[in-house]
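Chain by chain, the residues run as shown.
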Amino acid sequence: MNIIEITSLAHPGVEVFGALTEAQLRNRLEPDKGIFIAESPKVISVALDAGYQPLALLCERRHIEGDAAAIIARAGDIPVYTGGRELLASLTGYTLTRGVLCAMRRPLPRPVDEVCRKARRVVVIDGVVDTTNIGAIFRSAAALGIDGVLLTPNSCDPLNRRAVRVSMGSVFLVPWTWLEAPLRSLHDLGFRTAAMALTDNSVSIDDPRLAAEPRLAIVMGTEGDGLPCETIAEADYVVRIPMSHGVDSLNVAAASAVAFWQLRARES
């Protein structure tokens, strides 16, 4: 157990937990050196179970033999930086959830065809930038039978610290990657596309044709403006969730949960 007591925010090695921005952690210029931060013993445990590589832990002193003990035992001989609550809060900018953070190696992006190879249902997240919504979408995807997640480059990073926390570690359970190509490129992988949008020609989410599709990509748009017109025009289906009381739409996280359940792949 490599416990390192820190008394200063300038201690070498702790900068990853507070001084570096999300963009610096991501390290786009050298993706193989990218890092992300997982927070709370439960979320860190899910990441370790999924094979993610821990690099360092930051832990309140009182949790070393408490909430963080099992994580420390599993993480191997990596630095475990520790100190009092006030010092660590001044480093990170917030009080640690159950007293532990883990810096982990960011995996290299997977090829789209690898994520989609055995998938029957995937979600395409197009331009969603709110970290809470990204985390919630991943949690619903893991729970409701989505086999893979594809994100457009203008979407929020799923390994953002808050997105990871809101997802309760579900970002580690569902394969995901970035979709650089146009939506129609999914046709080459055998998918039909269903854009969630309100238009004059949209079909209800319970249309039996949707459930019958062997491979379906469900396309979710931004929190405010929804999907771009060109994305809607490219889709094989435009799909709406019927509403009551004059409500025109749901938050993208809530809409995704409804869509994932209704459009899930059925057994033959």
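### Description of the sheet that holds strand S1 (residues 2-5)
Here comes step 1: Strand order across the open sheet formed by five strands is S1-S4-S3-S5-S2, with mixed pairing between neighbours. The open sheet has two free edges, formed respectively by S1 and strand S2 (35-39), since each of these has just one partner strand. Across the sheet, the mean angle separating the axes of adjacent strands is 25° when strand polarity is ignored.
Here comes step 2: As judged from the five bridges shared by S2 and strand S5 (residues 100-105), these two strands associate in the antiparallel manner. The residue of S5 that forms the bridge with isoleucine 37 is alanine 103.
Here comes step 3: With respect to the sheet, helix H2 (residues 41-49) is in contact with S2, strand S3 (54-60) and S5, its orientation differing from that of S5 by roughly 25°.

### A closer look at the nonpolar core
Here comes step 1: Residues Leu57, Ile125, Val149, Phe172 and Ile218 are the most contacted members of the largest nonpolar core, which totals 55 residues.
Here comes step 2: The leading source of residues in this core is H2, at five residues.
Here comes step 3: Setting aside anything within four residues of it in sequence, one finds isoleucine 218 in contact with Val122, Val123, Val124, Ile146, Ala194, Met196, Ala259, Phe260 and Leu263.
Here comes step 4: Judged by nonpolar contacts, the second largest core, of 18 residues, contains Val122, Val124, Phe191 and Val219.

### Section: the sheet that holds strand S9 (residues 192-196)
Here comes step 1: On the basis of which strands lie adjacent, the open sheet formed by seven strands has the order S8-S7-S6-S11-S9-S12-S10 and parallel pairing. The two strands at the open ends of the sheet, each matched to only one other strand, are strand S8 (176-178) and strand S10 (203-204).
Here comes step 2: Pairing analysis gives four bridges linking strand S6 (residues 121-125) to strand S7 (residues 148-151), with the strands arranged parallel. For valine 122, the partnering residue across the bridge sits in S7 and is glycine 148.
Here comes step 3: Where helix H6 (residues 131-143) meets the sheet, it contacts S6, S7 and S8, and its direction lies at approximately 155° from that of S7.
Here comes step 4: Its contacts with the sheet put helix H10 (residues 252-262) on S6, S9 and strand S11 (216-220), and the angle it makes with S11 is roughly 165°.

### Brief notes about the pattern of salt bridges
Here comes step 1: Tallied over the full model, the rule gives eleven salt bridges.
Here comes step 2: Here arginine 74 ties to aspartate 49 by a salt bridge, and the two come within 2.8 Å at their closest N and O atoms. You can see arginine 74 sitting in helix H3 (residues 69-75) and its partner aspartate 49 sitting in helix H2, a full 25 residues away along the chain.
Here comes step 3: On the accessibility criterion, aspartate 49 (57% relative accessible area) is exposed.
Here comes step 4: Between arginine 192 and aspartate 236 there is a salt bridge, with its nearest N and O atoms 3.6 Å apart. Of the two residues, arginine 192 sits in strand S9 while aspartate 236 sits in the loop between helix H9 (229-234) and strand S12 (237-240), which places them 44 residues apart along the sequence.
Here comes step 5: On the basis of relative accessible area, arginine 192 is assigned to the partly exposed category, the value being 35%.

### Notes on the packing of H6 against H10
Here comes step 1: Here H6 crosses H10 at 15°, and the two axes come no closer than 9 Å. As far as their axial angle goes, H10 and H6 are roughly parallel. Taken as a pair, H6 and H10 cross one another with a handedness that is right-handed. Contacts between H6 and H10 involve Asn133, Ala136, Ile137, Ser140 and Ala141 on the former and, on the latter, Val252, Ala253, Ser256, Ala257 and Phe260.
Here comes step 2: Looking at the contact of H6 with H10 residue by residue, the class counts come to seven nonpolar, three polar and no charged.

### Considerations on the environment of alanine 10
Here comes step 1: Checked against the element boundaries, alanine 10 lands in the loop between S1 and helix H1 (22-26).
Here comes step 2: Distance from alanine 10 to valine 238, taken between C-alpha atoms, is 53 Å for residues 228 residues apart in sequence.

### Side note on a nonpolar patch on the surface
Here comes step 1: On the surface, a nonpolar cluster with roughly 280 Å² of combined accessible area is contributed by Met243, Val247, Leu250 and Val258.
Here comes step 2: Relative to the helices and strands, methionine 243 is located in the loop between S12 and H10.

### Quick word on the environment of threonine 7
Here comes step 1: Position of threonine 7 among the secondary structure elements: in the loop between S1 and H1.
Here comes step 2: With relative accessibility at 72%, the residue threonine 7 sits in the exposed group.
Here comes step 3: Once the C-alpha coordinates of threonine 7 and alanine 75 are considered, the two residues, 68 residues apart in sequence, prove to be 23 Å apart.

### Some words on the packing of aromatic side chains
Centre distance and the angle of the planes are the two values used to describe a pair of aromatic rings.
Here comes step 1: If you walk through the whole model with that rule in mind, you get four aromatic pairs.
Here comes step 2: On the basis of an interplanar angle of 35° and a centroid distance of 5.7 Å, the ring pair of phenylalanine 36 and phenylalanine 172 is categorised as tilted. Residue phenylalanine 36 is located in strand S2, and its partner phenylalanine 172 is located in the loop between helix H7 (161-166) and S8; the two are separated by 136 residues in the primary sequence. In this structure, phenylalanine 36 and phenylalanine 172 share a single accessibility class: buried.
Here comes step 3: Counting every residue linked through ring pairs, the aromatic cluster contains Phe36, Tyr52 and Phe172.
Here comes step 4: A cation over a ring is seen here: arginine 264 above tryptophan 261, with NZ or CZ 3.6 Å from the ring centre.

Parameters and conventions
Residues numbered from 1 in each chain as written. Predicted model: local features only at pLDDT ≥ 70, side-chain atom pairs only at ≥ 80, totals over all residues. Heavy atoms only, no water. Pairing = 2+ DSSP bridges. Helix = DSSP H or I, 4+ residues; strand = E, 2+ residues; numbered from the N terminus. Axes fitted to C-alpha atoms, helices over the stretch in contact; angles between N-to-C directions. Contact = heavy atoms within 4.5 Å. Core = buried A, V, L, I, M, F, W, Y, C linked by side-chain atoms within 4.5 Å. Buried < 20%, exposed > 50% of the residue type's maximum accessible area, 1.4 Å probe, protein only. Salt bridge = Lys/Arg side-chain N within 4 Å of Asp/Glu carboxyl O. Parallel < 35°, antiparallel > 145°, perpendicular 65-115°, else oblique. Left-handed = near helix turned anticlockwise from the far one by under 90°. Nonpolar A, V, L, I, M, F, W, Y, C, P; charged D, E, K, R; others polar. Patch = residues over 30% accessible without salt bridge, like charges linked within 9 Å, V, L, I, M, F, W, Y side chains within 5 Å. Areas by Shrake-Rupley, 256 points an atom, 1.4 Å probe, with all protein chains shown as cover. Phe/Tyr/Trp six-rings, centres within 6.5 Å; stacked < 30°, edge-to-face > 60°. Lys NZ or Arg CZ within 6 Å of the ring centre and 35° of its normal.

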